[in-house]
Amino acid sequence: MTVTTDAPPTMPTSADEARLWALIESAWAELGPEPLALRRALVERDPADDDDDGPSYAIGDWLDRFLDRLGHLSAELTGQELTDLDRVVERKLHDIDREDVHEVTDGSDDGFLYCRGFIVALGRGFYEAVRADPAMALPDAECESLCYFFAHLHNDRFGSWPETGSGISRESFGNPAGWSA
C-alpha cells in the first residue's frame, strides 16, 4: 500500500537496517552450521551453473524454522521497533522490484513479491549479491511470510497495521525506477 501524505517520506535509518540484518543473521545462526553453509554457497556460486539439487533449493527446507526463530527474537520488540523493521523490509523489497530481477525469478505479482521476500530472508550477503547481479537470484524460490513479517507481528501484538510513512510500495511492479517504460 502506498501512503500519500504531505509529509516527506520516512526513510529507514542505518541503525534500523543494521538491526534487521542482525536479526536475520541471528535467526539463521540459531539453526546451526548447515543453513549457514547453504547460504554461503548461494552467495559464492556461479549463477551460470544449473544446480537443481544443490544449495539453491535445499535452503527452502529451512525457511519455516528460520521464520520461527526470527519471530522468537522479535517477540519483545515495541510497536515502534516493529514499524521501523517493517519500513526496512518494505524498502529492501521495493529496491529490488526491478525488471532485471524479475527476468530471473519470474512470477506473477504475488509470486515476484514472494521471490523478493526470499532474497531478503537469506540475509544481507545474498540480498547484496542479487542487487549487484540479478543472475544470482533463484527462479521460483519464495518466502511469502517475510514480505509482511514485522507488520503481522505488529498487528498480532498491538491490533493495528504499522504505518511506515515511507510513501513507497513493496508490492510488485511498484518501483517505477526498476522498470522500463
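The notes below deal with the structure included here. (Residues numbered from 1 in each chain as written. Predicted model: local features only at pLDDT ≥ 70, side-chain atom pairs only at ≥ 80, totals over all residues. Heavy atoms only, no water.)

**Re helix 4 (residues 63-73)**
Of all the positions in helix 4, only Leu63, Phe66, Leu67, Leu70 and Gly71 are classed as buried. Taken around the axis of helix 4, the buried residues stretch over an arc of 135°, which confines them to a single face. The inward-facing, buried residues of helix 4 contact helix 1 (14-29), helix 7 (109-121), helix 9 (144-147) and helix 10 (149-158). (Buried < 20%, exposed > 50% of the residue type's maximum accessible area, 1.4 Å probe, protein only. Helix = DSSP H or I, 4+ residues; strand = E, 2+ residues; numbered from the N terminus. Arc of directions from axis to C-beta. Contact = heavy atoms within 4.5 Å.)

**Here we look at the packing of helix 5 (residues 79-95) against helix 7**
Relative orientation of the contacting elements helix 5 and helix 7 amounts to 115°, with a least axis distance of 10 Å. The crossing of helix 5 and helix 7 is right-handed. Contacts from Lys92, Leu93 and His94 in helix 5 reach Leu113, Arg116, Gly117 and Val120 in helix 7. Tallied by class, residues from the contact of helix 5 with helix 7 come to three nonpolar, two polar and two charged. (Axes fitted to C-alpha atoms, helices over the stretch in contact; angles between N-to-C directions. Left-handed = near helix turned anticlockwise from the far one by under 90°. Nonpolar A, V, L, I, M, F, W, Y, C, P; charged D, E, K, R; others polar.)

**Points about the packing of aromatic side chains**
All chains considered together, the criterion is met by eight aromatic pairs. Members of the aromatic cluster, joined through ring pairs, are Phe112, Phe173 and Trp179. If you follow Arg65 out to its NZ or CZ, it ends over the ring of Trp62, 4.1 Å from the centre. (Phe/Tyr/Trp six-rings, centres within 6.5 Å; stacked < 30°, edge-to-face > 60°. Lys NZ or Arg CZ within 6 Å of the ring centre and 35° of its normal.)

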